[in-house]
Amino acid sequence: MTAGKLTIIGAAVAIAALAVGLREHGLTRPGPLSLRQSRRDTGLKLTTAFSDLGTPVYLTAPAGDPRIFIVLQDGKVMVARDGHVQPRPWLDITARVKSGGEQGLLSIAFHPGFATNGRFFASYTDRHGDTRVTEFHADPAAEHADSASERQLVFVRQPWPNHNGGHILFGPDGRLYVGMGDGGAEDDPRGYSQNPRSQLGKMLRVDVDGSGPVVIQSWALGLRNPWRFWFDAGLLYIADVGQNTWEEIDVAPARDSGLNYGWRTMEGAHCFLNPICGHTGLVLPAVEYDHDQGCSVIGGAVYRGHAIPQLDGLYLYSDYCGGWLRSFRYANGAATENRTWSVPKVSGVASFGVDGSGEVYIVSHFGTIYRIDRTE
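This one's a predicted model, so the numbers in the text were calculated from it and none came from an experiment.

J.: Lay out the sheet that holds strand 15 (residues 203-207) in plain terms, naming residues and giving numbers.
T.: If you trace the five strands from one edge of the open sheet to the other, you get 13-14-15-16-20, paired in mixed fashion. With partners counted over all chains shown, the strands left at the sheet margins are strand 13 (168-170) and strand 20 (259-260), one partner each.

Okay, here's the thing in structure tokens:
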């Protein structure tokens, strides 16, 4: 999803002064990795897995499930078996979804116990353009989910039709995490992202297994438009789309709540509204790149599959305009081993997806999904 302006400015720098604020959270590390340091690497190829899908925006599957679930922006979820997309949607809520631009059905997440309890969750913009995160039920082995089983968990009113975030994912603590954008327009004009009373510009954490009312926490703040995030090895990776100049990927311990990722005080590791800004307490990006290299960061998953051993532990990501495939390894508090892979560029990258065996896919908003494979 493109969500940033396309202004082309500058080159990456590291701001050492931010280390003061990071030490308060135990996050001391050097400045963000400069992608001018990227090395080109071979050994991967992109294989067309599915095509002619309309406008796919996400792909996922319960762990160990041989099916692949493909989320379409218009409100459908399709299922692929043995490389073939089934003709009838597994879920169809198109009548409830406002689709187009950055709005639509944006992701689904399966409960860790889906194989026995049949619970799954969806994040979408409703007919009024507001964000809803809802729960559905399905017989885990059934051909279709029960669209009438919907139960609302989260409702966030959206002042503008962009920066909806929209990704939902279960964390290692069993809670459902919800990435919320800053409400849209540009420059976060109402300051939602830094406002602790607003759920916009936040990472929300939802307890979906409690016996009482649903508890929603603002887990982190200072986000502009977190377009996909990922949990791995005790870390939370967030790809946050920039405004004018800088795209960023943040990495922090998943257990740490209350972190402030800086928007709109900062864009990436750079003061945004004012040439001088206070950095104390703000989390420095692990990686940033400027708009010479793209326009809208697309996260991203750490590879933990079995087919490509050389990718193990690498975080894979792309850019909506750049279309390249890059990776880095996060170790000892810093991003290292930055690589640009010699594969064809993908037009309109909307997301990455991971199947039930841990293999990674690239989702093009123009209707094709590619599986990342190793060359023979």
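J.: Tell me about the state of the cysteines, and please be specific about residues and values.
T.: Among covalent bonds in proteins, the disulfide is the one between the sulfur atoms of two cysteines. Per the stated rule, a full pass over the model turns up two disulfides. Here Cys-271 connects covalently by a disulfide to Cys-277, the sulfurs 2.2 Å from one another. Across the S-S bond of Cys-271 and Cys-277 the torsion is about -85°, and the bridge reads as left-handed. Note that Cys-295 is cross-linked by a disulfide to Cys-321, the S-S spacing being 2.0 Å.

J.: Break down the pairing of strand 11 (residues 131-137) for me, with residues and values.
T.: Successive side chains on a regular strand alternate, one facing one side of the sheet and the next facing the other. Where burial is concerned, most of strand 11 is hidden: five out of the seven residues are buried. Here seven bridges tie strand 10 (residues 119-125) to strand 11, and the two strands are oriented antiparallel to one another. Paired with Ala-122 across the two strands is Thr-134, which belongs to strand 11. The antiparallel hairpin formed by strand 10 and strand 11 contains five residues in its connecting segment, where Gly-129 sits at a positive phi of about 85°.

J.: Any details on the confidence of the model for the protein chain? Residues and values, ideally.
T.: Low pLDDT means the predicted coordinates in that region are not meant to be read closely. Counting all residues, the mean pLDDT for the protein chain is 91, and 90% of those residues have values of 70 or more. pLDDT under 50 marks residues 2-30. Its contacts with residues more than four places away, or in other chains, come to 89 contacts.

Rules used throughout
- Residues numbered from 1 in each chain as written.
- Predicted model: local features only at pLDDT ≥ 70, side-chain atom pairs only at ≥ 80, totals over all residues.
- Heavy atoms only, no water.
- Pairing = 2+ DSSP bridges.
- Helix = DSSP H or I, 4+ residues; strand = E, 2+ residues; numbered from the N terminus.
- Disulfide = S-S within 2.5 Å.
- Buried < 20%, exposed > 50% of the residue type's maximum accessible area, 1.4 Å probe, protein only.
- pLDDT = per-residue confidence, 0-100.
- Contact = heavy atoms within 4.5 Å.

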